[in-house]
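Tertiary structure, described
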Amino acid sequence: MAYLGLDIGTTAVKAVLFDGSGHPLGTGLAEYTLETPAPDIVELSAEQYWISVKEALSQALKKAEIPPASIRSLAITGQVETLVFVDKSGKPLRKAIVWLDN
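A few points on the structure. Note that the structure is predicted; figures quoted are calculated from it, not measured.

**Observations concerning the overall build of the chain**
From N to C terminus, the chain includes one helix and six strands. In sequence order, the secondary structure elements of the chain are arranged as β-β-β-β-α-β-β. Taken across its 102 residues, the chain has 28% of its residues classed as buried. A sequence separation of at least 24 residues applies to 49% of the contacts in the chain between residues at least 6 apart. When the accessible surface of the chain is totalled, it reaches about 6,400 Å², and 58% of it is carbon and sulfur. Side-chain charges in the chain split into 9 positive and 12 negative, and the spacing between the mean points of these groups amounts to 7 Å.

**Digging into the pattern of salt bridges**
Per the counting criterion, the structure on display carries three salt bridges. Measuring nitrogen to oxygen at the nearest pair gives 3.2 Å for the salt bridge that ties K14 to D7. By relative accessible area, K14 is classed as partly exposed at 35%. The class of D7 is partly exposed, set by a relative accessible area of 24%. Of the charged contacts in the structure, one is a salt bridge between R94 and E43, with a shortest N-O distance of 2.8 Å. Here E43 lies in strand 4 (residues 43–44) and R94 lies in the loop between strand 5 (71–78) and strand 6 (96–97), a separation of 51 residues in the sequence.

**Structural notes on the side chain of S70**
In this structure, S70 sits in the loop between helix 1 (46–64) and strand 5. Relative accessible area serves as the criterion here: at 12%, S70 is assigned to the buried category. The residues contacting S70, other than those within four sequence positions of it, are M1 and A2.

**Notes on the sheet that holds strand 3 (residues 24–31)**
With mixed pairing, the four strands of this open sheet are ordered in space as 3-2-1-5. Each end of this open sheet is capped by a strand with a single partner; those strands are strand 3 and strand 5. The sheet shows a mean angle of 15° between the axes of neighbouring strands, direction not considered. Summarising the sheet, strand 1 (residues 2–8) and strand 2 (residues 12–18) pair through six bridges and their orientation is antiparallel. Opposite I8, over in strand 2, you have V13 as the bridge partner.

**Remarks on the packing of aromatic side chains**
Inspection of every chain in the model, using the stated rule, returns one aromatic pair. A centroid spacing of 5.5 Å and a plane angle of 80° characterise the contact between Y32 and Y49, whose relative ring orientation is edge-to-face. Within this pair, whereas Y32 is found in the loop between strand 3 and strand 4, its partner Y49 is found in helix 1, the two being separated by 17 residues in sequence.

About the thresholds
- Residues numbered from 1 in each chain as written.
- Predicted model: local features only at pLDDT ≥ 70, side-chain atom pairs only at ≥ 80, totals over all residues.
- Heavy atoms only, no water.
- Helix = DSSP H or I, 4+ residues; strand = E, 2+ residues; numbered from the N terminus.
- Buried < 20%, exposed > 50% of the residue type's maximum accessible area, 1.4 Å probe, protein only.
- Contact = heavy atoms within 4.5 Å.
- Areas by Shrake-Rupley, 256 points an atom, 1.4 Å probe, with all protein chains shown as cover.
- Lys, Arg positive; Asp, Glu negative; His and termini not counted.
- Charge placed at Lys NZ, Arg CZ, Asp CG, Glu CD.
- Salt bridge = Lys/Arg side-chain N within 4 Å of Asp/Glu carboxyl O.
- Pairing = 2+ DSSP bridges.
- Axes fitted to C-alpha atoms, helices over the stretch in contact; angles between N-to-C directions.
- Phe/Tyr/Trp six-rings, centres within 6.5 Å; stacked < 30°, edge-to-face > 60°.

As structure tokens, then:
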């Protein structure tokens, strides 16, 4: 049995798997580079967040040597106010506007 924590941060996704006593079993980190196409504009492909979650989780599972089915719960924390516009089906309409954007 394991518990998963995800931190979706400004420049990376971090994943940690814990056992029932709160001891870490495995960790993962998937970094990304923010895009700054013009002064005061900071954005990132919304899909990159998902790609990075999958990578960080894969690393944590590999280090913990446990199957995904053993994860019992998930806690997610995220960076401050990053905005992702989506359509009715949840598909991103544009790149995410990162909280650093002015």
